[in-house]
Amino acid sequence: MWFAALLVYLFLYLPLTVVVIYSFNDSRLNAEWVGFTWRWYEVLFQDEEMIQAAVNSILIAVGASFIATLLGTMAGIAIHRYKLKALPFLVITPVAMPEILLGVSLLLFFIQVLHLTLGLLSVLVAHITFCVGFVAIVVRARLAGMDESIFEAARDLGATPWQTFRLVTLPLILPAVIAGALMSFTLSIDDFVITFFTAGVGVSTLPLQIYSMIKIAVTPEVNAVSTLLMLVTLGMILLAARFDKTVLRGQE
Amino acid sequence: MALLELRNLTRRFGNLTAIDNVSLSVEAGEFFTLLGPSGCGKTTILRMIAGFDLPDGGEILLDGKDIAATPPEKRPLHTVFQSYALFPHLSVADNVAFPLRMSKVSEQETRQRVKEMLETVHLADKSDAFPHELSGGQKQRVALARGLVNKPRLLLLDEPLGALDHKLREEMQIELINLQRNVGVTFVFVTHSQPEALALSHRIAVMNEGRVEQMDSPANIYSRPSNRFVADFIGDINMMNAQIDVVDGMQLRLSVAGLGAIVAPAHIETSTGQAGAFAIRPEQVVIGAPDEHAELANRFSGTLRDFLYVGDVTTYKVEVTNGTLIQALLPNAAPGKARFFELGDKVTVAWSSESGMFLHE
């Protein structure tokens, strides 16, 4: 059994480990190990296009996770409270939808319906649409395990609906809200497919930048930026899991 | 004027009439119980009084004012929930302080009153604990403290002892009676447990299928049930279909098919020829050898079919001539009565002409 598990983990993590190792390789080629160096990270931090892409990625990830958390929290509470069958379906569909479909439809929507010029804004809106569902799922899972009479008790003891939300509901769902925000951030920062369709020509994000670079060759600089991206994502997921166990388990 | 008055209260869920034209009133300082089987509507009434559910008809008056349109937070009453509903993210002290903070009591007074309240429920040493660190009985006491600390006009209790084990339940019953007496707050208590209702209440409303069947003191509910449902629901009772042959002042002569004549007291309005039931509590029936109890007006011979010895008392089940099993409950320590019978013995069951009652259909 443990041997099978080991194989699975090797399969999952070996490619990632190779990328990390070669990001420190003192050679232009990914062929053989020459020696340790920080050089590619220095190159990375002097690459203005790369830095612009990183700034864009972070701006979009922060904005998208913030707005998606607001909307997703509201959606999660609404799904829980009103028990409408269609509501969870509608919110969660974008999560399950193939990204390429979502990307194409958003592209058509922005251009044909909204006549929007593609750019940071269109990417931001696109990222919000697929993050909202994740937040809603996590918040709803948290609420589902809770005793409904707690909220009635708050009203009964003199709290207005708003005070009930602020003093009881929000503190109780906060771990899920924070976890949802961190999840959204990681989803947004490494999204490629949807960003590719909705970014237009002038705007680049980290995943787009990496893609355009490996069209020529997988340079050690790509390994370096991938390593950093991996670190950020891993950190966020671990942080999210600390706040809400449902993130890693899927179900409480 | 009654503290709480329900007038023609009605609540429907689709085709189901959950509450059917219920009227009742609760006096200030009373321990009032809504008692009935699950699904009888008692919790629905409680939720309407608290403001979590709205009536389809009728009025809810508190101090003479209709509160039907008042949101829950504006009603001067609090609820103790079956699940306790303590706020899991707040300490015991902050849970109890919650209603005081909501009504903007100063922080200093809040702390003082929380301290006093926790002392009243014997939880002074738990004020910094969180709900998950408490036992069931302790959670229950925090819920009571939280419900009482802001001196509500009325405290609603929804099966608050339902989740406790038997021994703790009896302890909490006594605490609840003392607490209600000490703080002087009016209690409206909901339960499906008739011993609990009898032990705690000043008055009980027995409910069935959305209606109040009888409203009276525990002693009267037990000894003078107004109909078959109440008689059957409260305690154990022997019941047989019977017809009134003669009404003679305060005495009735009944006939029971296959058994014969029974002399019973007349508690309710009756007339000759009426059909109904004769009912008698097992503790009013005695059992003896075939020649015993000649002094009692109602004597029937039968065969002992079953008995249940539980230490202090024994319940005997005697099959009489019409096939009915009559239960007799006898204390085992009573002088002269400590005589045991074997299954299949020929015995006599008997009761006085002052025992039992006639009930309408």
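Residues numbered from 1 in each chain as written. Chains lettered and ligands numbered in written order. Predicted model: local features only at pLDDT ≥ 70, side-chain atom pairs only at ≥ 80, totals over all residues. Heavy atoms only, no water.

1. Here we look at the sheet that holds strand S2 (residues 16-26) of chain B
Paired through their backbone hydrogen bonds, the strands of a sheet run either parallel or antiparallel.
Residues and elements named next belong to chain B.
And then number 1: Across the sheet, four strands lie side by side as S2-S1-S4-S5; this open sheet has antiparallel pairing. Both edges of this open sheet fall to S2 and strand S5 (65-66), since each of them pairs with a single strand only.
And then number 2: Where strand S4 (residues 57-62) and S5 come together, two bridges link them in antiparallel fashion. The residue bridging leucine 61 from the neighbouring strand is aspartate 66, located in S5. (Pairing = 2+ DSSP bridges. Helix = DSSP H or I, 4+ residues; strand = E, 2+ residues; numbered from the N terminus.)

2. Describing the pattern of salt bridges
Two side chains that carry opposite charge are able to pair once their charged atoms sit near each other.
All names here are of chain B.
And then number 1: Inspection of the entire model under this criterion finds 19 salt bridges over all chains.
And then number 2: One salt bridge connects arginine 211 with aspartate 20, and the closest N-O pair in it is separated by 3.7 Å. Of this pair, arginine 211 sits in strand S10 (residues 211-216) while aspartate 20 is found in strand S2, placing the two residues 191 residues apart along the sequence. (Salt bridge = Lys/Arg side-chain N within 4 Å of Asp/Glu carboxyl O.)

3. Examining the confidence of the model for chain A
And then number 1: Mean pLDDT over chain A works out to 85, with 96% of the residues at or above the 70 mark.
And then number 2: Across chain A, the secondary-structure element scoring lowest on mean pLDDT is helix H12 (residues 246-249) of chain A, at 56, and the one scoring highest is helix H7 (residues 149-156) of chain A, at 94. (pLDDT = per-residue confidence, 0-100.)

4. Remarks on the packing of aromatic side chains
And then number 1: Applying the stated criterion across every chain, the model contains 22 aromatic pairs over all chains.
And then number 2: One aromatic cluster in this structure is built from A:Phe24, A:Phe36, A:Trp38 and A:Tyr41.
And then number 3: A cation over a ring is seen here: B:Arg146 above B:Phe87, with NZ or CZ 4.7 Å from the ring centre.
And then number 4: If you follow B:Arg281 out to its NZ or CZ, it ends over the ring of B:Tyr222, 3.9 Å from the centre. (Phe/Tyr/Trp six-rings, centres within 6.5 Å; stacked < 30°, edge-to-face > 60°. Lys NZ or Arg CZ within 6 Å of the ring centre and 35° of its normal.)

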